[in-house]
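A structural walkthrough
Letter by letter, the chains look like this.
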Amino acid sequence: MENKKTCLYDNHVALGALMSPFGGFIMPIQYSSIIDEHNAVRQHCGVFDVSHMGEVFVTGNDAEKFVNHIFTNDITNAPIGQIYYGMMLYPDGGTVDDLLVYKMGENNFFLVINAANIDKDIDWIMQNANGYDVNIDHCSDRYGQLAVQGPEAEAVVEEVLGLACKELTFYTAKTLMVDGEEIIVSRTGYTGEDGFEIYGSHEFIVKMWNLLMESGRCKPCGLGCRDTLRFEVGLPLYGDELSKDITPIMAGLGMFCKLNKEEFIGKEALVEQKTNGFAKKLVGIELQDKAIPRHGYAVLKDGKQIGEVTTGYHCISVDKSVCMALIDFEHSTLGTEVEVQIRKKVFPGVVVKKRFYDKHYKK
């Protein structure tokens, strides 16, 4: 199947971006360098094209009830404008996807899903909607999305784009009318820094991108540094830290699974894991060497494999070789000494917290 292009594809090519397939799209991986772009977001402001993400509106009389049925977090009586992070699960507790749910109005929810999972997620949502009075509007092809991230993001969105955003608190959203078009602005951030997401038509997103580039106040950033940024602050990536075989409990994301709400798909499996334990756990590992652990590399204890790396880097912000790894629960205690096999050599490491760098969200 041919990879799709976002509305900003020509802009990326014109800027000389390194383009590569990701999640069914041809996406920019980097423009200048991953380190340069990573540091721009940590210190100033960077902008990402995230138009490859999927968007779905769920409306109708049973919208709240239905979203609660397929979503691990609890959106009951949520205030309008509130955003929730959570997962859709299979009945066995494995993860269909992790996603954001925006409460846009009474019985009106906006779901933001991962690009690589769009078709699977839509199928899952549709097949579980039987018996609910809901309307499901898959609008991924109508929306483009920008993520403006970094300590200067608020000033850039307000001053360069003219979009009022400073009153938004962390994990809230609002709609704005701009040139006769309703757009959505939110404040979540997948980088560990303050940041805003802007959703609008393809034409609107191209216009905003051009304003940002002309301003000289933010750097275009590719998916390369999006991964290094989210990794450093311990945020999961579907396919690495979450999957059909990795439950939120195993991934240490139980706080986003409200086991006290009436029901949701996969709840019983999570209750079982919380009650009786689970075999594997996601941990952080810090290596005592400059060697870089990569996805799929073996984690060993006393020469025996106990798991494997999900994501690994030599951290840009803290100058350490670290990784997240899914390992046998019995070896997951902080301070446990392990080894990571990198090609033919074995490097000593120690189990640490998964957050390698402190987040700087606006509270």
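So, a few notes on the structure that sits alongside this text. For clarity, every value in this text was computed on a predicted model and none was experimentally measured.

**Quick look at the environment of Ala155**
Take Ala155: it is sitting in helix H5 (residues 153-159). The exposure class of Ala155 is partly exposed, given its relative accessible area of 27%. With residues up to four places along the chain from it excluded, the contact list for Ala155 reads Val160 and Arg217.

**As for the environment of Gly16**
For Gly16, the location among the structural elements is in the loop between helix H1 (9-14) and strand E2 (18-22). Taking C-alpha positions, Gly16 is 9.0 Å from Gln30, a pair spaced 14 residues apart along the chain.

**Concerning the nonpolar core**
Looking at soluble globular proteins, one finds that nonpolar side chains tend to be buried together. Counting 42 residues, the largest nonpolar core has Phe48, Tyr102, Phe110 and Ile184 as the members making the most contacts within it. At the level of elements, strand E6 (83-89), strand E7 (95-105), strand E8 (108-113), helix H7 (223-232) and strand E18 (321-328) are the ones that each hand at least two residues to this core. Sorting elements by how many residues they give to this core places E6 first, with 4 residues.

**A few points about the packing of aromatic side chains**
As enumerated under the stated definition, the model contains 14 aromatic pairs in all. Ring centres of Phe110 and Tyr199 lie 5.2 Å apart, and the angle between their planes is 85°; this geometry places the pair in the edge-to-face category. Of this pair, Phe110 sits in strand E8 while Tyr199 sits in strand E13 (residues 195-200), and the two are 89 residues apart along the sequence. Note on Tyr199: relative accessible area 1%, which makes it buried.

**Examining the sheet that holds strand E4 (residues 46-49)**
The sheet built from 6 strands is open, its strands ordered E11-E12-E13-E10-E4-E14 with mixed pairing. Each having just a single partner strand, strand E11 (173-178) and strand E14 (219-221) make up the two edges of the open sheet. Taken over all neighbouring pairs, the strand axes of this sheet differ in orientation by 25° on average, direction set aside. As paired strands, strand E10 (residues 144-149) and E13 are joined by 6 bridges and run antiparallel to one another. Considered in E13, the bridge of Ala147 is made with Glu197. Contacts between helix H2 (residues 34-43) and the sheet are confined to E4, E10 and E14, with E14 contributing the most and set at about 115° to the helix.

Scoring rules and cut-offs
Residue positions within a chain follow its written sequence, with the count starting from 1. For a predicted model such as this one, the threshold for reporting local features is a pLDDT of at least 70, and the threshold for listing and counting side-chain atom pairs is 80 or more; totals across whole chains, interfaces and linings nevertheless cover every residue. For the side-chain quantities, the full set of heavy atoms in the structure was used; hydrogens and water were omitted. Only DSSP runs of H or I reaching four residues or more are called helices, and only runs of E reaching two or more are called strands; each is numbered from the N terminus. Here the term buried applies to any residue with accessible area under 20% of the maximum for its type, exposed to any over 50%, and partly exposed to those in between, with areas from a 1.4 Å probe on protein chains only. Any pair of residues with heavy atoms lying within 4.5 Å of one another is described as a contacting pair. Remark: nonpolar core denotes a set of buried residues (Ala, Val, Leu, Ile, Met, Phe, Trp, Tyr, Cys) joined through side-chain atoms within 4.5 Å. Ring pairs shown here join Phe, Tyr and Trp side chains whose ring centres sit within 6.5 Å, with only the six-membered ring taken for Trp; geometry is labelled stacked below 30 degrees between planes, edge-to-face above 60, and tilted in between. Here the rule is simple: two strands pair whenever DSSP picks up at least two bridges between them. Note on geometry: axes are lines fitted to C-alpha atoms, helical ones only across the stretch in contact, with angles between N-to-C directions running from 0 to 180 degrees.

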